[in-house]
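Here are the chains, one letter per residue:
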Amino acid sequence: MESCAAVEKEVEKVINKFSAINDHSQRIIGDVISFIEKLRSSIAEGTPDDKLTPGQVEVLNDALSKVKDKLHRLTTEHRDLHGTVSKVGKAIDRNFVADFTATSRTDAFQSERNVVLLNKIMAQHFYRQGMDDVADTLIKESGLPAEDIVPEPYAELHRIWEAIQNGDLSPALEWATRYSEELDARNSSLEFKLHRLAFMQILNGGVHVQTEAICYARTHFAKFVRRFEKDIQILMGTLIYLPIGIHNSPYKYLTAPEMWIETADVFLKDACQLLGINKDSPLSVIVNAGCTALPALLNLKQVMMSRQVTGIWNGRDELPIEIDLEPENRFHSIFACPILRQQSSEDNPPMKLLCGHVISRDALNKLSNGPM
């Protein structure tokens, strides 16, 4: 934030100076126009065949001299503005790092295996975002076997989420009806919130849709009376204000855009939990984690350079320092076997047993060979 504040300070100087130059330029241009108008009026007093009088010549020379002087001042101020603008670029170079090579592993994508994994993660991310054409092109151009990419149901969820954002509740209501029992078992409020939005959509039609709204409420709100009795009472109270419009009533908050955004987020969260998939794609989690780790790695680089130590990475496939991520994106990058008290590695990876416990492969081999 300190770096951003330093650059912002220089930008404010440019804006202030530009505003001052703009105001001054307007005044100068106004003076030049008045001089020229005065000169034209003086010359227009005579006939076209008359020669300029000494007074007119003096006025002409005075006007030209003042115009030249004022234009010179404008040019000087404009030149000074360039110097102030260049300071912004210097402030950016001084406060931000343009070279991030020291914070990255240059050998990370030298192996074919890592390149394939990256392409798979990117393709899955595009499928999750509903960008099927981009994902198909990536698979085709990278040579990935299409059967290796299993499209997650998240693509469908993302399309439904976008439909809610655009005011289309039909796909979401159809999905919620399909998984109604599972949502009830999880005590989810999603289905009720979707029907609440649908009910308010009907009320936006005015007084003549009152009967339709009441029928909709009788059909869909009965199963929610026990859990959302007070909310349903509030919804029924909106019927009183149909003559003047819901937007002019105390219940106008029920039609606010925030209600749609909240319901869309609730849908995405509950649907991902129900289907057992991550809300965020692995690619977005990695990018966000990298953005969080980058400032700390840059600081570490500066410290090590001051001590004339080259390279901030060690031989192990792990970060040189601990990075504090958000709770929902926190993962254990290192596994320690609870039996052998050893960290896992590529040669000794974690192995999950049928009972759900995880131990290292070396421990599994020793257990299978007899008493340890």
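None of these values were measured; they are calculated from a predicted model.

(A) Region of the structure containing the overall build of the protein chain. A count of helices and strands for the protein chain gives 13 helices and 2 strands. Put simply, the protein chain has 372 residues, and 30% of those count as buried. Within the structure as shown, the protein chain displays about 24,900 Å² of accessible surface, and the carbon and sulfur contribution to it stands at 55%.

(B) Structural detail: a positive patch on the surface. Among the surface-exposed residues, Lys17, Lys87, Lys90 and Arg94 lie close enough to one another that they form a single positively charged patch. By residue number, the principal contributor to the positive patch is helix H2 (residues 54-95), which donates 3 residues. Here lysine 87 lies in helix H2.

(C) Summary view of the pattern of salt bridges. Going through the model one piece at a time under the given rule, you end up with 5 salt bridges. Each member of the salt-bridge network shares a partner with another, and the members are Asp184, Glu191 and Lys223.

(D) Inspection of unusual backbone geometry at higher detail. Despite not being glycine, asparagine 187 shows a phi value in the positive range, around 60 degrees. By secondary structure assignment, the location of asparagine 187 is in the loop between helix H7 (180-185) and helix H8 (190-203).

(E) Structural detail: the packing of helix H6 (residues 170-178) against H8. Here H6 crosses H8 at 145 degrees, and the two axes come no closer than 10 Å. In the packing of H6 onto H8, the handedness of the crossing is left-handed. Here Ala172, Leu173, Trp175, Ala176 and Thr177 of H6 lie close against H8, whose contacting residues are Leu190, Glu191, Leu194, His195 and Ala198. Among the residues making up the contact of H6 with H8, the classes are represented as 7 nonpolar, 2 polar and 1 charged.

(F) Structural view of the packing of H8 against helix H9 (residues 210-220). Between H8 and H9, the least distance of the axes is 9 Å, while the angle of their chain directions is 170 degrees. Accordingly, the angle class assigned to the pair H8 and H9 is roughly antiparallel. Like other packed secondary-structure pairs, H8 and H9 cross with a definite hand, here right-handed. Between H8 and H9, the residues in contact are His195, Ala198, Phe199, Ile202 and Leu203 and Glu212, Ala213, Tyr216, Ala217 and His220, respectively. Here the residues of the contact of H8 with H9 are counted per class, giving 7 nonpolar, 2 polar and 1 charged.

(G) Representation of the packing of aromatic side chains. Taken as a whole, this structure holds 8 aromatic pairs when the rule is applied. Measuring from centroid to centroid gives 5.3 Å for tryptophan 175 and phenylalanine 267, while their planes differ by 80 degrees, and the two rings are edge-to-face. Of this pair, tryptophan 175 sits in helix H6 while phenylalanine 267 sits in helix H11 (residues 257-275), and the two are 92 residues apart along the sequence. With respect to burial, tryptophan 175 and phenylalanine 267 carry one shared label: buried. Judged by centre distance (4.3 Å) and plane angle (0 degrees), the ring pair of phenylalanine 192 and phenylalanine 228 falls under stacked. Separated by 36 residues along the polypeptide, phenylalanine 192 in helix H8 and phenylalanine 228 in helix H10 (residues 225-237) bring together distant segments of the chain. On the basis of relative accessible area, phenylalanine 192 is assigned to the buried category, the value being 2%. For phenylalanine 228, a relative accessible area of 12% puts it in the buried group. Connected via pairs of aromatic rings, a cluster forms that spans Phe192, Phe199, Phe221, Phe224 and Phe228.

(H) Focus on the side chain of serine 360. Position of serine 360 relative to the elements: it lies in strand E2 (residues 358-360). A relative accessible area of 1% places serine 360 in the buried class. Ignoring any residue separated from it by four or fewer positions in sequence, one finds serine 360 in contact with Phe335, Cys337, Leu340, Asn348, Pro349, Pro350 and Met351.

(I) Layout of the nonpolar core. Core analysis: the largest hydrophobic core is formed by 42 residues, its most contacted members being Ile164, Trp175 and Phe199. Among the secondary structure elements, those contributing two or more residues to this core are helix H5 (154-165), H6, H8, H9, H10 and H11. Setting aside anything within four residues of it in sequence, one finds phenylalanine 199 in contact with Ala213, Tyr216, Ala217, Phe221, Leu235, Met236, Thr238 and Leu239.

(J) Region of interest: the environment of aspartate 265. Inspection of the secondary structure puts aspartate 265 in helix H11. Overall, aspartate 265 belongs to the partly exposed group, its relative accessible area being 34%. Here the alpha-carbon distance between aspartate 265 and leucine 190, two residues 75 residues apart in the chain, equals 9.7 Å.

(K) View of H5. Along its 12 residues, H5 runs 16 Å from first to last C-alpha, staying within 8% of the 16 Å computed at 1.5 Å per residue. Among the residues making up H5, those that are buried are Tyr154, Ala155, Leu157, His158, Ile160, Ala163 and Ile164. Taken together, the buried residues of H5 touch helix H3 (112-128), H6, H8 and H11. A positive phi of about 85 degrees marks glycine 167, the residue just after H5.

Scoring rules and cut-offs
Starting from 1, residues in each chain are numbered consecutively following that chain's sequence as written. Residue-level local features of this predicted model are given only where pLDDT is at least 70; pairs of side-chain atoms are given and counted only at 80 or more, and the full residue set underlies all totals for whole chains, interfaces and linings. Note that the side-chain values use all heavy atoms of the structure and ignore hydrogens as well as water. Only DSSP runs of H or I with at least four residues qualify as helices, and only runs of E with at least two residues qualify as strands; both kinds are numbered from the N terminus onward. Per-residue accessibility, obtained with a 1.4 Å probe over protein chains only, is compared with the maximum for each type, and a residue is labelled buried under 20%, exposed over 50%, and partly exposed between these values. Accessible surface is estimated by sampling points in the Shrake-Rupley manner with a 1.4 Å probe; for residues, cover comes only from the protein chains shown. Patch members must show over 30% relative accessible area and no salt bridge, and they are joined within 9 Å when carrying like charges or within 5 Å when they are nonpolar side chains of Val, Leu, Ile, Met, Phe, Trp or Tyr. The term salt bridge refers to a side-chain nitrogen of Lys or Arg lying within 4 Å of a carboxyl oxygen of Asp or Glu. When charges are counted, Lys and Arg contribute as positive and Asp and Glu as negative, whereas His and the chain ends are disregarded. Charge positions come from single atoms, namely NZ of Lys, CZ of Arg, CG of Asp or CD of Glu. Every axis corresponds to a line fitted to the C-alpha atoms, with the helix fit spanning only the stretch in contact, and the corresponding angles, defined between N-to-C directions, vary from 0 to 180 degrees. The hand of a helix crossing depends on one turn: near helix anticlockwise from the far one by less than a right angle means left-handed, and clockwise means right-handed. Here a residue-residue contact requires only that any non-hydrogen atoms of the pair lie within 4.5 Å. Residue polarity follows a fixed list, in which Ala, Val, Leu, Ile, Met, Phe, Trp, Tyr, Cys and Pro are nonpolar, Asp, Glu, Lys and Arg are charged, and the others, Gly among them, are polar. Small angles under 35 degrees read as roughly parallel and large ones over 145 as roughly antiparallel, with 65 to 115 read as roughly perpendicular and the rest as oblique. Any pair of Phe, Tyr and Trp rings, taking the six-membered ring for Trp, is counted once the centres come within 6.5 Å. Such a pair is stacked with planes under 30 degrees apart, edge-to-face with planes over 60 apart, and tilted for the rest. Here, the term nonpolar core denotes a set of buried Ala, Val, Leu, Ile, Met, Phe, Trp, Tyr and Cys residues that are joined through side-chain atoms within 4.5 Å. Any helix carries an expected span of 1.5 Å times its number of residues minus one.

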